[in-house]
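Read off the chains here:
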Amino acid sequence: MLIKRREFLKISSLASASLLMPGFLKSMALDNALNPHQNILIVLQLTGGNDGLNTIIPVKNDIYFRERKTLAIQDAVSLTDEAGINPSLSYFKELFDNGELSVMNNVGYPDPDKSHFRSMDIWQSASRSDEFLETGWIGRFLDEECYRCEHPTQALEVDDMLSLALKGDHNKAFAFKDPKRLYQTSQEKYFKSLYDHHHEDETVSYLYQTLGSTINNADYIFEKSKAKTTEQIYPNSQLGKDFKTVSSLIKSDINTQVYYLSIGSFDTHVNQNDRQKKLFTDINDAVKSFVADMKANGLFHNILLLTFSEFGRRVAQNASNGTDHGTANQMFFISGGLKKKGLLNALPDLQNLNEGDLIYTEDFRKVYATILKNWLNADSSKVLGWKNGVYDFI
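Residues numbered from 1 in each chain as written. Predicted model: local features only at pLDDT ≥ 70, side-chain atom pairs only at ≥ 80, totals over all residues. Heavy atoms only, no water.

Trainee: How should I be thinking about the environment of Lys341 in this particular structure?
Mentor: As for its placement among the helices and strands, Lys341 is situated in the loop between strand S10 (329-335) and strand S11 (342-343). On the basis of relative accessible area, Lys341 is assigned to the partly exposed category, the value being 45%. As a C-alpha pair, Lys341 and Glu100 span 241 residues in sequence and 6.7 Å in three-dimensional space. Residues in contact with Lys341, not counting those within four places in the same chain, are Gly99, Glu100, Leu101 and Ser102. Separated by 3.3 Å, the side chain of Lys341 and the backbone oxygen of Leu338 make a polar contact. (Helix = DSSP H or I, 4+ residues; strand = E, 2+ residues; numbered from the N terminus. Buried < 20%, exposed > 50% of the residue type's maximum accessible area, 1.4 Å probe, protein only. Contact = heavy atoms within 4.5 Å. Polar contact = N/O pair within 3.5 Å; in protein donor to acceptor, adjacent residues only side chain to side chain.)

Structure follows, in structure tokens:
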């Protein structure tokens, strides 16, 4: 059977949106696979390099205000005597006061790369800056878990394409933007009539296998997504819709332990404060609805939401009321099950810079190792090759 280029591209679009290995997809049809007490990880990627210094503000640091004459946040919401938070993240202050938020400052890695693409690859693959990996840290977690678990651990990304972070050697997560749209596309007669055909070409054959598996399981995902309705009102932003999708799946019996979301772009070279305010408001409102939903259903203690960005920004503002690519940054951890709350370490040292950039003190791979070992009960050394210990905030 010959296929035209246009048909191939249409098939590729649906298959690449899922990017699931066929055997891995079949496990999604296991009902009641998720342990109700199983911990769930949600990763929120702040794409584009969020400015950490205007997120957690060093409110008593003269260098910060001197280097950011028009950009410094003057009305930060107080967290401690030394630190405040951007007022557009006002709900995070409530989480902080409730002991449901931890913040780690100065997170990065040796020999940082300021390229969006390369630095994101480093964060998603958990590689060294001089190492190029084709698998992601969550993908390798799936590889390890799916070999020894009675019901293979699942990961879902709410996006049209699968990120490197969720690609393993043997298992890949499932990427989709909307369960209903995925289901409707999969039910088109054109697609359903194709994957039964045999194809000698290995690449085309795999593409059709993946397409077939997607069709077989799109209905399952869609049904799970609407199985548990919510009375919680979510904002109408894209992130609000994404969190609502995640919430509906968490409350169903789908066998999913990791969810991956993203928002951006935080590449604020120009007019930073307006752009950051809009994005922070979207995050603030979506997280507020999601946490309320999880608490109302008795699930918040088993939820861990973490945020990261591929790098921070330079300490000094530029001439366009923005900031340029920098290095170290902070990570947020939101959960009802935190062992340590608040600021986990010191604010960035603005007197000790590397050519105008922050110097990292905490390696992001140690954070990943902590999550893998303490939250997901995985062997972090096998997934990361990291043997330098873990933190104790979870």
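Trainee: Could you clarify how one ought to interpret the sheet that holds strand S4 (residues 83-85) in this entry?
Mentor: For sheets, the rule is that strands pair by backbone hydrogen bonds, running either parallel or antiparallel. Strand order in the open sheet formed by three strands is S2-S4-S3, with antiparallel pairing between adjacent strands. In this open sheet, the two edge strands, each paired with only one partner strand, are strand S2 (56-58) and strand S3 (77-78). For S3 and S4, the ladder comprises two bridges, and the chain directions are antiparallel. Residue pairing for S4: Val77 is matched across the bridge by Ile85. (Pairing = 2+ DSSP bridges.)

Trainee: What exactly am I supposed to notice about helix H10 (residues 238-250) here?
Mentor: Given 3.6 residues per turn, any residue in an α-helix points the same way as the ones three and four places further on. If you check H10, its first and last C-alpha atoms are 18 Å apart, about what 13 residues at 1.5 Å a residue would give, namely 18 Å. Within H10, 10 of the 13 residues are buried, which leaves the element mostly enclosed by the surrounding structure. For H10, every residue scored as buried is listed here: Leu239, Gly240, Asp242, Phe243, Thr245, Val246, Ser247, Ser248, Leu249 and Ile250. (Expected span 1.5 Å × (residues − 1).)

Trainee: Sorry if this is basic, but what is going on with the side chain of Ser102 here?
Mentor: Mapped onto the elements, Ser102 comes out in strand S5 (residues 101-108). When sequence neighbours within four positions are dropped, the list of residues in contact with Ser102 reads Met331, Phe332, Phe333, Leu338, Lys340, Lys341, Gly342 and Leu344.

Trainee: Would you explain the pairing of S5 in this entry?
Mentor: In terms of residue burial, S5 counts as a mostly covered element, since eight of its eight residues are buried. Of the strand pairs in this sheet, S5 and S10 are connected by five bridges, and their pairing is antiparallel. Pairing of Ser102 across the sheet is with Phe333, part of S10. The sheet contact formed by S5 and S11 spans two bridges and is parallel. Within S11, the residue paired with Val103 across the bridge is Leu343. With two bridges connecting them, S5 and strand S12 (residues 362-363) associate as parallel partners. Residue pairing for S12: Gly108 is matched across the bridge by Asp363.

Trainee: So what exactly am I meant to see when it comes to helix H4 (residues 90-97) here?
Mentor: All of the buried residues in H4 are Tyr91, Phe92, Leu95 and Phe96. Angular distribution of buried residues about the axis of H4 spans 150°; they occupy a single face of the element. Among the structural elements, S4, S5, helix H11 (272-296), S10 and S11 are those in contact with the buried residues of H4. (Arc of directions from axis to C-beta.)

Trainee: What exactly am I supposed to notice about the nonpolar core here?
Mentor: Generally speaking, a soluble globular protein has its nonpolar side chains buried in company with each other. Core analysis: the largest hydrophobic core is formed by 44 residues, its most contacted members being Ile42, Phe243, Ile250, Ile283 and Val287. Per-element accounting of this core gives the leading share, eight residues, to H11. Not counting residues up to four positions away in its chain, the partners in contact with Val287 are Tyr91, Phe92, Leu95, Phe243, Leu305 and Ile334. Counting residues in hydrophobic clusters, the runner-up holds 42 residues, among them Val107, Met331, Leu372 and Leu376. (Core = buried A, V, L, I, M, F, W, Y, C linked by side-chain atoms within 4.5 Å.)

Trainee: So what exactly am I meant to see when it comes to the packing of H4 against H11 here?
Mentor: Axis angle and axis distance: for two packed helices, these are the angle between their axes and the distance between the axes, and together they describe the pair. Contact pair H4 / H11: the axes reach a minimum separation of 8 Å and the direction vectors enclose 45°. Accordingly, the angle class assigned to the pair H4 and H11 is oblique. Contacts between H4 and H11 involve Ser90, Tyr91, Phe92 and Leu95 from the first element and Ile283, Asn284, Val287, Lys288 and Val291 from the second. In terms of residue class, the contact of H4 with H11 is built from six nonpolar, two polar and one charged. (Axes fitted to C-alpha atoms, helices over the stretch in contact; angles between N-to-C directions. Parallel < 35°, antiparallel > 145°, perpendicular 65-115°, else oblique. Nonpolar A, V, L, I, M, F, W, Y, C, P; charged D, E, K, R; others polar.)

Trainee: How do you make sense of the pattern of salt bridges when you look at a structure like this?
Mentor: Pairs may arise between side chains of opposite charge once their charged atoms sit close together. Across all of its chains, the model carries 14 salt bridges by this definition. Between Lys340 and Asp392 there is a salt bridge; the shortest N-O distance is 3.2 Å. Taken together, the residues span a long stretch of sequence, with Lys340 in the loop between S10 and S11 and Asp392 in the segment after helix H13 (380-384) at a distance of 52 residues. The exposure class assigned to Lys340 is partly exposed, which follows from its relative accessible area of 40%. Among the ionic contacts, a cluster of salt bridges with common partners joins Lys114, Arg314 and Asp357. (Salt bridge = Lys/Arg side-chain N within 4 Å of Asp/Glu carboxyl O.)

Trainee: Honestly, the side chain of Thr307 in this entry has me stumped. Any pointers?
Mentor: Here Thr307 lies in strand S9 (residues 303-308). Taking relative accessible area as the criterion, Thr307 reaches 5% and is therefore assigned buried. Those residues in contact with Thr307, other than ones at most four positions away along the chain, are Leu44, Met331 and Phe332.

Trainee: Looking at this structure, how should I read unusual backbone geometry?
Mentor: Most peptide bonds take the trans form, and the phi angle of most residues other than glycine is negative. Cis geometry marks the peptide bond from Gly264 to Ser265; its omega dihedral reads 5°. Along the polypeptide, Ser265 turns up in the loop between strand S8 (258-264) and H11. The backbone of Asn106 sits at a positive phi, close to 60°, despite the residue not being glycine. Along the chain, the position of Asn106 falls in strand S5. What makes Asn106 buried here is its relative accessible area of 7%.

Trainee: How should I be thinking about the packing of aromatic side chains in this particular structure?
Mentor: In this description, a pair of aromatic rings is defined by centroid distance and the angle of the planes. Taken as a whole, this structure holds 13 aromatic pairs when the rule is applied. Geometrically, the ring pair formed by Trp123 and Phe364 is stacked, given 4.5 Å between the ring centres and 25° between the ring planes. You can see Trp123 sitting in helix H5 (residues 116-125) and its partner Phe364 sitting in helix H12 (residues 364-375), a full 241 residues away along the chain. The pair Trp123 / Phe364 is uniform in exposure class, with both members buried. Three or more aromatic residues joined by ring pairs make a cluster, and in this case those are Tyr109, Trp123, Trp137, Phe308, Phe364 and Tyr368. The aromatic ring of Phe132 is capped on one face by Arg118, whose charged end is 3.9 Å from the ring centroid. Of note, Lys366 hangs over the ring of Tyr391, and the distance from its end group to the ring centre comes to 4.5 Å. (Phe/Tyr/Trp six-rings, centres within 6.5 Å; stacked < 30°, edge-to-face > 60°. Lys NZ or Arg CZ within 6 Å of the ring centre and 35° of its normal.)

Scope: geometric values only; no functional claims are made or implied.
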